[in-house]
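Chain by chain, the residues:
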Amino acid sequence: MENAFVGASRDSPLQMHFPFFVENVTCLRQNCVNFTHPLLCTNMDKITYVGNADVNAIDHLYQSYRQDPESVDIGWQKFFEGFDFARTNYEDGGEIPENFQKEFKVINLINGYRSRGHLFTKTNPVRERRKYEPTLAIENFGLESGDLETIFQAGEQVGIGAASLKDIITHLEETYCQSIGIEYMFMREPDRLDWFLNKIEMKNRPQFDSARKLNIYKKLVEAANFESFLGKKYVGQKRFSVEGGEALIPALDALVEKGASLGVEYFVMGMAHRGRLNTLTNIFKKRPSDIFSEFEGKEFDYDGAFDGDVKYHQGFTSAIESSTGTSIGLTLAPNPSHLEAVDPVVQGIARAKLDHVFHDEKKVCPVMIHGDAAVAGQGIVYEMVQMALLDGYRAGGTVHIVVNNQVGFTTNYLDARSSTYCTDVAKTTLTPVFHVNGDDVEAVIQTIEIAMEYRQHFHRDIFIDLLCYRKYGHNEGDEPKFTQPSLYNIIAKHPNPKDIYLKQLLAEGVITADKAKQVEDEYINFLETEFDIARQNEKAVVWDFLSKAWEGFRHSKSEDFDQSPETGIAKAKLEELGRKLATLPEGKKYFRKIQKIFEDRLNAINNNNLDWGTAEMLAYATLLEEGHAVRISGQDVERGTFSHRHAVVKTEDTEEEIETLNLLSDKQAKFSIYNSLLSEYGVLGFEYGYSLATPQGLTIWEAQFGDFFNGAQIMVDQFITAGEDKWSTQSGLVMLLPHGYEGQGAEHSSARMERFLQQCADDNIQVVNTSTPANHFHLLRRQIARPFRKPLVVFSPKMLLRYPAATSTLEEMASGRFQEVIDDAAAKVGQVETLVFCSGKFYYELKEKAQELGIDSMAFVRVEQLYPLPQKQIEAIVAKYNAKNVVWAQEEPANMGAWTHIAMNLRHIPFHGVCRTASAAAAEGSKKLHERRLKKLFADVFAFASITAK
């Protein structure tokens, strides 16, 4: 890019009167794109402020200032006022002020503090900071000790007016190099930069009154004494104490209070195990007695099969009252020990609350509490940062708090990352970061409040790196001196934040020793009372978080799966909706091929012969008409990987987006569909979280190919298949996983059916492999029709999307229900000697091959639902045909697919399994090898016909 200001005059006042300026200011990045705002230059570690700003850029600012002083930053206004005064004196015969040339060096120094001051802070409570070069010594900026008493106009830049260099440095040290460090100069938008400059340079550190200080102390007492109480009552039990990081509790309290004052009505939080019990008790107001009951190891008070989870993984929802009487909703999402896995779940819950309840980003705030090792080491954090500003996934900005213990289990921080800070992932999206000393609780609260203001103003993420320490090992029974002996010798002698703050308050006269003891005694007495209550409780309470959103729903019963509910829609309504979704608005220019697709879709409705894509769209249309919102996301879902959906149409000339599913009626629910970033883990987790908060809507995640879901295996294992059993949380999430062996190789054939089936138990999920558009239509509608919710895993087709034999009529959708098992309509009882059960598109291949071979002694029955396994229906069909041979045939290898699932769960039926040979890879990479193996598979299946004939 060319320099935007190369045309600036070389005889401008700045250049004409001060030739040194040209020499000192010539830009070292001639193509810098940030000339319009010199503060925005990012190459600042060794190149300083003026060294990044071409003289023409500063001249441009000066010309703007002359036309309208308000058009430039206040610091530049003051600087140019001083410049004009000096220039006037010079033109009137005076001499250039001796220190004027050094003004720019002072500006360099100021920018050095802004961009690198965070490297020289006092933010580590128990370690000496690493050393960085060059330092902020004035000699590194062309200044010397003799300049310290000199008055410089550059003081205007930091809000203290013309001041001595000594005072300017004092101000910069107080601002950038004490208990708080801040990284923000890499941001590129002038409004965000100016906002931070005004917040941190133009205002002094806030002075809390005595009442506020006392409240902070009380929260520290709660944090510290809750942990010590647990340590005494439950010696040796894991609690993942927050000790060393007690400032987190007053910080969260301040976050909620500040947020409430700025319009937040609902917080959604996610955090790992450390400090979780403390947060539940002292922020979410969960009764300590309930937590103590869990420590007692009592059984859960729950009807039916329920395994539960450890106390520091469970979720919780509450409503608390702020100091001003405002009711604030709080939700803490349940999470496994897979650190950071909860991050996308939190974002999904928050977005659902925004979409369906609050409709304003100011009213819902996600908060993520990370650990230092996890935030640097877990890739899901990067995915979340990248998703934060995308239309389909934004939630108005997240406040990220990193409880920085400076160690990950036993791993030193120097071995845990290559970056300087654990929070450096934030810089990928130019997100500002605070680093703050956890021993300085008032500094912590200052950063929290600024962070909350920033989030509410810009609706973007912000990170707070809370530097503290871990008093014990990874858990209370772990010995940290095995691996960090020096550090833990220091920690053993280090006072906790509560005692540090009490010492400060006593010195300030804010509190007396007697009053401090009273505060502690009152809290301990409260805990003792709760402890007595817990001893009397017979069982531990199961808290179903988000319970208000789930009013009117119940958990499933085994008999619910005997038969699906009726899900038909009147034919006339189907025709009406079908024509609407197949009709593009007139007067717009469409791509020729898209017009043809929609014409074909309309013809399918009129001719009563619907393919897969049309039936799917009709299912969504009927749900929308009934008031159920539909949300779909995943890679390429708007068009569909296989170009079968076209839920979003772009006009050819303007790329205006048309969604006919949002043009059905004025009273319909909203249809939302988003192409995702190239992520499975983050996006699937987001949609799972979204489904937790929207039981009345249909939430769908579709994989580009089913094989790719394994990039999100953690979400499947820890949340989707086990969430209800661990946390009593229901989800109606639908996973569409394109599956089928068509010679496309190991990464485009198998959605790993066997992995899902292996995890099936206690009616936890539904696993289907549908074979007709009508059955798929009923399946999607069934997901909303029941009074409970279960995750639905669909092995969706590829070949069948346009397969002539795989079509359905409107009559099939107008009545009936989802069919768990589809009998062979052409088979005749008494003639069938081999009964073949199969699933999905393999049915069509088998059927066609049988016709080709002229075999009529075999019946081909489709098991559409693999779990919950429709055992009674399968048994009835076996009894109906009373065939000599019963076969399970599948296209997957023997160690994959549904064969082992069928064999294990239907042991009383003498199944013969016909599959590809067991294989390490899911499929072959050669088309010819695929055809040869398919040929053998056919031979193995139809060998039973020959055996019968003999």
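Thresholds, definitions, all that
Residues numbered from 1 in each chain as written. Predicted model: local features only at pLDDT ≥ 70, side-chain atom pairs only at ≥ 80, totals over all residues. Heavy atoms only, no water. Helix = DSSP H or I, 4+ residues; strand = E, 2+ residues; numbered from the N terminus. Lys, Arg positive; Asp, Glu negative; His and termini not counted. Charge placed at Lys NZ, Arg CZ, Asp CG, Glu CD. Axes fitted to C-alpha atoms, helices over the stretch in contact; angles between N-to-C directions. Parallel < 35°, antiparallel > 145°, perpendicular 65-115°, else oblique. Contact = heavy atoms within 4.5 Å. Nonpolar A, V, L, I, M, F, W, Y, C, P; charged D, E, K, R; others polar. 1 Å grid on protein atoms, 1.4 Å probe; cavity = no way out; pocket = protein on both sides within 12 Å on 5 of 7 lines; lining within 4 Å. Points joined across faces, edges and corners; volume = space filled by probe spheres on them. Pairing = 2+ DSSP bridges. Expected span 1.5 Å × (residues − 1). Buried < 20%, exposed > 50% of the residue type's maximum accessible area, 1.4 Å probe, protein only. Arc of directions from axis to C-beta. Core = buried A, V, L, I, M, F, W, Y, C linked by side-chain atoms within 4.5 Å. Phe/Tyr/Trp six-rings, centres within 6.5 Å; stacked < 30°, edge-to-face > 60°. Lys NZ or Arg CZ within 6 Å of the ring centre and 35° of its normal. Disulfide = S-S within 2.5 Å.

(A) Quick look at the overall build of the chain. When you go through the chain residue by residue, the secondary structure sums to 32 helices and 26 strands. Considering only C-alpha atoms, the chain reaches an extent of 115 × 75 × 50 Å along its principal axes. Looking at charge distribution, the chain has the averaged site of its 103 positive side-chain charges lying 5 Å from that of its 131 negative ones.

(B) Structural context of the packing of helix H20 (residues 571-581) against helix H21 (residues 592-607). Look at H20 against H21: their axes get within 9 Å of each other, and the N-to-C directions meet at 170°. One way to sum up the angle between H20 and H21 is to call them roughly antiparallel. Counting all contacts with H20, which are made through Glu575, Gly578, Arg579 and Leu581, the residues of H21 involved are Phe598, Arg601, Leu602, Ile605 and Asn606. Tallied by class, residues from the contact of H20 with H21 come to four nonpolar, two polar and three charged.

(C) Inspection of empty space enclosed by the protein at higher detail. Taken as a whole, this structure holds nine cavities of 30 Å³ or more when the rule is applied. Space inside the largest cavity adds up to approximately 220 Å³. Residue lining of the largest cavity: 16 residues in total, with Asn124, Arg130, Tyr413, Arg417 and Leu467 positioned closest to the centre. Per-class residue counts for the lining of the largest cavity are five nonpolar, five polar and six charged. The volume enclosed by the second largest cavity comes to roughly 110 Å³. Asn769, Ser839, Gly840, Glu891 and Glu892 are, among the 18 residues lining the second largest cavity, the residues nearest its centre. For the lining of the second largest cavity, the element with the most residues is strand E25 (residues 885-893), which contributes five residues. Of the residues in the lining of the second largest cavity, the class split is seven nonpolar, eight polar and three charged.

(D) Representation of the layout of surface pockets within the structure. When its volume is computed, the largest pocket comes out at roughly 560 Å³. Lining the largest pocket are 31 residues, with Ala272, His273, Leu339, Gly371 and Ala374 sitting closest to its centre. Listing elements by their share of the lining of the largest pocket, those giving two or more residues are strand E7 (364-371), helix H13 (372-377) and strand E9 (407-408).

(E) Representation of the sheet that holds strand E16 (residues 671-675). Spatial strand order, E16-E13-E17-E18-E20-E19-E24: seven strands in an open sheet with mixed pairing. Strands with a single pairing partner mark the edges of an open sheet, and in this sheet they are E16 and strand E24 (865-867). Averaged over all neighbouring strand pairs, the angle between strand axes comes to 20°, with direction disregarded. For strand E19 (residues 766-768) and strand E20 (residues 792-794), the ladder comprises three bridges, and the chain directions are parallel.

(F) Structural context of helix H6 (residues 165-176). With twelve residues, H6 extends 16 Å from end C-alpha to end C-alpha; this agrees with the ideal 16 Å at 1.5 Å per step. Among all positions of H6, only Leu165, Ile168, Ile169, His171, Leu172, Thr175 and Tyr176 are buried. The buried residues of H6 all sit within an arc of 160° when viewed along its axis, so they share a single face. Of the surrounding secondary structure, the elements contacted by the buried residues of H6 are helix H5 (100-116), strand E1 (151-152), strand E2 (163-164), strand E3 (180-183) and helix H7 (190-200).

(G) Geometry of the sheet that holds strand E26 (residues 911-916). Strands sit in the order E21-E23-E22-E25-E26 across an open sheet of five strands; the sheet is mixed. At either end of the open sheet lies a strand with only one pairing partner, and these are strand E21 (821-822) and E26. Here strand E22 (residues 834-838) pairs with E25 via four bridges, running parallel. What sits directly across from Leu835, in E25, is Val886. Across the sheet, helix H30 (residues 871-881) touches E21, E22 and strand E23 (858-863), and the angle it forms with E22 is around 160°.

(H) Seen up close, helix H24 (residues 713-720). For H24, a buried count of six out of eight residues is recorded, marking the element as mostly surrounded by other parts of the structure. Here H24 has its buried residues at Gln713, Met715, Val716, Gln718, Phe719 and Ile720. Structurally, H24 contributes buried residues whose contacts are with helix H12 (343-358), helix H23 (681-693), helix H25 (723-727), strand E18 (734-736) and helix H26 (753-758).

(I) Highlighting the pairing of strand E12 (residues 462-467). Of all six residues making up E12, six are buried, and the element is well covered by its neighbours. Burial along E12 is two-sided: the residues Ile462, Ile464 and Leu466 and Phe463, Asp465 and Leu467 are all buried. The pairing of strand E8 (residues 399-404) with E12 spans six bridges and is classified as parallel. Its bridge partner being in E12, Val402 is matched across the sheet by Asp465. Relative to E12, strand E11 (residues 433-437) is paired through five bridges, and the arrangement is parallel. The residue bridging Asn437 from the neighbouring strand is Leu467, located in E12.

(J) Structural view of the nonpolar core. Formed by 104 residues in total, the largest nonpolar core has its most connected members in Tyr176, Tyr184, Phe196, Tyr217, Leu248, Phe267 and Phe292. For this core, the leading source of residues is helix H16 (residues 441-458), giving ten residues. Dropping the residues within four chain positions of it, Leu248 is found in contact with Val242, Met271, Thr279, Ile369, Ile401, Val403 and Leu466. Counting residues in each nonpolar core, the second largest holds 88 residues, with Val364, Leu546, Leu692 and Phe911 among its members.

(K) Just the packing of aromatic side chains, in detail. For the coordinates displayed, the defined rule picks out 33 aromatic pairs. Arranged with centres 6.5 Å apart and planes meeting at 5°, the rings of Tyr176 and Tyr184 form a pair that is stacked. Neither Tyr176 nor Tyr184 differs from the other in exposure class; each is buried. Ring-pair connections join several aromatic residues into one group, and the members of that group are Tyr176, Tyr184, Trp195, Phe196, Phe434, Tyr454 and Phe458. We note Lys233 situated over the ring of Phe531; from NZ or CZ to the ring centre the distance is 4.6 Å. In this arrangement the basic side chain of Arg601 is found over the ring face of Phe598, its NZ or CZ atom lying 5.3 Å from the centre.

(L) Here's a closer look at the state of the cysteines. Taken as a whole and assessed by the stated rule, the structure comprises zero disulfides. Here Cys365 is not disulfide-linked; the sulfur of Cys422 is the nearest cysteine sulfur, at 20 Å. Here Cys915 stays free of any disulfide, with the sulfur of Cys838 as its closest cysteine sulfur at 12 Å.

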